[in-house]
Amino acid sequence: MKSIASGMCLMISVVAAPAFSAPGISFSGYGDADVWGNFTGNYYANSELDLGMALSFSEKLSAHVYATVWSANGEHPGGIPARYAPPDERWLSVLFDGFDITYATKFGTFTAGDLVYQYGKFNYYFYKRLSMITTESFTRGLKYSIGNEMATQELLLGIADKNGSTSDVQGVTNIAMGKAHSVGFYYGMKNDAILDFSAGTDAYAGVEYLGSFGEALSVKADAGFMNLAGDKRSNVVLLLFEPVLTLGRFTTAFTGYVMIDNDTLINSASLLRLGDEMFFYLEPGYTFNDYVGCGLPIEYHAADMANENDNAVWVVPAIYIYPFEKIRWRIWGQVVRYMADSQKNDYGIGSEIIVTF
């Protein structure tokens, strides 16, 4: 009897083991740290670390946990790159960013929990963590997506982290036109349940085109529209154009951005956390080998298009070092020449390390 019982226990343990086995675990992340000075005795150190952990319970069911370390959460807020966090505040706390569970079926994929999205991201180095169709947005709710290689559709419904009474509804439609071209459409609104539509609802819509023309030219173009709540509702149009030309070891990257609005009280800083309502950036570059390259960004910035005195020209020569595929070290200098004669030139020199995994 003991042998029979032992055999049955062994059979049960073998059958049940897959159901109770530990989930597969994988990690991903983005780390960015810089240090720089402005030649007036002031030094700054900015940091950002985004961590993600994926737990795979089966081929269909998984969970994801996120955490962030970010200079913007410090006592004197900063940001990557070259913002104004002081070096003695670089010892930052790890903050919970959210978690979700995802279940894939033949009828589509369902995700519940903390849903993070941002559309219209910049390729431009100074705003590479920011976006112009929507800012990085955090919503706790439910997302459903379905599609194939040609088209995908996504719908999201939840509660935004804006306050205690705002819901978030948004959708994404992506269409692939062969392997070289795609178009994405983004649309949604955030509604404050306590206020009426005029005073409590922000709506947005946007489109992004991605295309490549052989190996020489790639193009990213975005357009966004916002209809913002207020006593007098405001309309904002945002345009972004970012082509990259590659000819052998030579590259040329360009960014053109402009914000058009009917309300001078609105600016990119408050709306999108950008420092400019308009800017143009051109960076010719040369790659010496697989490990070293250089670039010469030449830029024109208009922080407030209604005030020409804050317009400035930037020249930011940079050396790029690539010790490994997912590691980049950027060493840069900067000269800022303001259009207003009353303002003196600004200078800077710094270092930035980026690691992705």
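Right above here is the structure, for reference.
Just so it is clear, the model here is predicted, and its values are computed rather than measured.

Peer 1: Mind showing me how you'd approach the nonpolar core here?
Peer 2: Soluble globular proteins tend to pack their nonpolar side chains together in the buried interior. Among the nonpolar cores identified, the biggest contains 40 residues, and Phe122, Tyr124 and Tyr257 are the most heavily contacted of them. Residues contacting Tyr257, with those up to four places away along its chain left out, are Phe122, Met132, Leu238, Leu239, Leu240, Ser268, Leu272, Leu274, Asp276, Glu277, Met278 and Phe279.

Peer 1: Would you mind showing me how to read the pattern of salt bridges here?
Peer 2: Pairing between side chains of opposite charge can happen when their charged atoms approach one another. What the rule picks out here adds up to ten salt bridges. When the shortest N-O distance is used, the salt bridge between Arg129 and Glu48 registers 3.1 Å. Of this pair, Arg129 sits in the loop between strand E5 (108-117) and strand E6 (137-147) while Glu48 sits in strand E2 (residues 43-56), placing them 81 residues apart in sequence. By relative accessible area, which is 23% here, Arg129 ends up partly exposed. The class of Glu48 is buried, set by a relative accessible area of 10%. Asp50 is paired through a salt bridge with Arg129; the nearest N and O atoms lie 2.4 Å apart. Here Arg129 lies in the loop between E5 and E6 and Asp50 lies in strand E2, a separation of 79 residues in the sequence. If you follow the salt bridges from partner to partner, you end up with Asp32, Lys128, Arg330 and Glu352 in one network.

Peer 1: Is there a simple way to explain the environment of Asn307 in this structure?
Peer 2: Here Asn307 lies in the loop between strand E16 (298-302) and strand E17 (312-315). We classify Asn307 as partly exposed; its relative accessible area is 31%. Side-chain polar atoms of Asn307 contact the backbone nitrogen of Asn309, separated by 3.1 Å.

Peer 1: What should I look at first to understand unusual backbone geometry in this one?
Peer 2: Trans peptide bonds make up the majority, and among non-glycine residues the majority have a negative phi. The omega torsion of the bond from Ile80 to Pro81 falls at -10°, within 30 degrees of zero and hence cis. Here Pro81 lies in the loop between strand E3 (61-70) and strand E4 (95-105). Residue Phe39 is not a glycine yet carries a positive backbone phi of 65°. Looking at where Phe39 falls in the secondary structure, it is placed in the loop between strand E1 (24-37) and E2. Relative accessible area serves as the criterion here: at 60%, Phe39 is assigned to the exposed category. Phi is positive for Arg273, which is not a glycine, with a value near 65°. The topology assignment puts Arg273 in the loop between helix H3 (268-272) and strand E14 (278-287).

Rules of the game
- Residues numbered from 1 in each chain as written.
- Predicted model: local features only at pLDDT ≥ 70, side-chain atom pairs only at ≥ 80, totals over all residues.
- Heavy atoms only, no water.
- Core = buried A, V, L, I, M, F, W, Y, C linked by side-chain atoms within 4.5 Å.
- Buried < 20%, exposed > 50% of the residue type's maximum accessible area, 1.4 Å probe, protein only.
- Contact = heavy atoms within 4.5 Å.
- Salt bridge = Lys/Arg side-chain N within 4 Å of Asp/Glu carboxyl O.
- Helix = DSSP H or I, 4+ residues; strand = E, 2+ residues; numbered from the N terminus.
- Polar contact = N/O pair within 3.5 Å; in protein donor to acceptor, adjacent residues only side chain to side chain.

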